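# Descriptive analysis of the structure
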Amino acid sequence: AVCIPIGNDHRCYSQRVPSFKIMLTWVGLLQVRQGLTRLCQVIIGANTIVQQAIPEILTNTPQSFYLETLAKLKEAANLAYSELSKVEALRPIMPHGAMYMMVEIKVDLLHDINTDMDFVEKLISEQSVFPLPADMFGAPNFVRLVLTVPTDKLREACHRIAEFCLAHSLHRPAKRSCP
């Protein structure tokens with residue numbers, strides 16, 4: 001029975017229980033769905049708090065911050081470019097001020113990789129390095145590497161990518177057998 005107090009009247013309505021439960025269940029599911037929808041929505045751009053802070057951030061940030069940031073990005077880009085240029089199956093493209101580098105995967109030089117997604121999935125699985133497949137940006141057989149990581153992590157990632165490409169290379173050097 002459902003007891004609904006209305007003023008001084010506290011009556012129980014047992015005949016309304018099924019429809020009341022159904023209504024509560026429907027309303028509950030609707031609220032859950034709305035909540036999940038709100039959680040899943042992605043804001044493209046800054047939220048309102050950040051939007052209000054942007055003028056002050058731009059006005060009060062010293063020029064040295066921008067110069068240091070650009071210098072760090074250039075250093076990271078030079079490191080990744082020099083390391084990945086040594087890998088036959090890759091063609092890195094030097095960025096100009098971007099926080100990422102596009103790298104072409106020469107899939108014809110790799111024996112079991114046909115797409116950027118194959119490359120990324122196997123690289124994650126085998127070397128725990130996660131570049132972004134660039135097909136989603138309209139650049140098939142490219143990956144996008146983030147350059148904002150610490151230098152030692154970027155160097156390690158480049159070495160792991162090189163090792164991965166060597167392991168999957170069609171022109172893998174033959175192992176020497178001991179006499």
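Preceding this section is the structure that the text describes.
Residues numbered from 1 in each chain as written. Predicted model: local features only at pLDDT ≥ 70, side-chain atom pairs only at ≥ 80, totals over all residues. Heavy atoms only, no water.

Attention now goes to a nonpolar patch on the surface. A contiguous nonpolar surface patch, about 420 Å² in accessible area, is contributed by Val-50, Ile-54, Leu-58, Phe-65 and Tyr-66. When contributions to the nonpolar patch are tallied by element, the ones reaching two or more residues are α2 (48-60) and α3 (63-85). Counting residues per element, the nonpolar patch draws most heavily on α2, which supplies three residues. By secondary structure assignment, the location of Phe-65 is in helix α3. (Patch = residues over 30% accessible without salt bridge, like charges linked within 9 Å, V, L, I, M, F, W, Y side chains within 5 Å. Areas by Shrake-Rupley, 256 points an atom, 1.4 Å probe, with all protein chains shown as cover. Salt bridge = Lys/Arg side-chain N within 4 Å of Asp/Glu carboxyl O. Helix = DSSP H or I, 4+ residues; strand = E, 2+ residues; numbered from the N terminus.)

What follows covers α2. In this model, α2 (13 residues) spans 19 Å end to end at C-alpha, consistent with the 18 Å of a helix rising 1.5 Å per residue. Along its length, α2 reaches its greatest deviation from straightness, about 40°, at Ile-54, and the proline Pro-55 lies no more than four positions downstream. Across the 13 residues that make up α2, only a small minority, zero, are buried. (Expected span 1.5 Å × (residues − 1). Bend = angle between axes of the 7 residues up to and from the residue. Buried < 20%, exposed > 50% of the residue type's maximum accessible area, 1.4 Å probe, protein only.)

Following the sequence through the fold, Glu-83 ends up in helix α3. Ignoring any residue separated from it by four or fewer positions in sequence, one finds Glu-83 in contact with Cys-158 and His-159. (Contact = heavy atoms within 4.5 Å.)

Our focus in this paragraph is the pattern of salt bridges. Evaluated as defined, the whole model comprises four salt bridges. Between Glu-104 and Arg-91 there is a salt bridge whose closest N-O contact spans 2.6 Å. Placement of the pair is Glu-104 in strand β4 (residues 100-105) and Arg-91 in strand β3 (residues 90-93), with a sequence separation of 13 residues. Residue classification places Arg-91 among the partly exposed residues on the basis of a relative accessible area of 39%. The partner of Lys-122 in a salt bridge is Asp-112, and the shortest N-O contact between them spans 3.8 Å. Of this pair, Lys-122 sits in helix α4 (residues 116-127) while Asp-112 sits in the loop between β4 and α4; the two residues are 10 residues apart in sequence, bridging distant segments of the chain.

Read across the sheet, four strands follow the order β3-β4-β6-β5 without closing on themselves; strand pairing throughout is antiparallel. Strands at the two margins of the open sheet, each flanked by one partner only, are β3 and β5 (132-133). Pairing of β5 with strand β6 (residues 142-146) involves two bridges; the strand directions are antiparallel. When the bridges of β6 are listed, Pro-133 appears paired with Val-143. Contacts from α3 reach β3, β4 and β6, with the element oriented near 160° to β3. (Pairing = 2+ DSSP bridges. Axes fitted to C-alpha atoms, helices over the stretch in contact; angles between N-to-C directions.)

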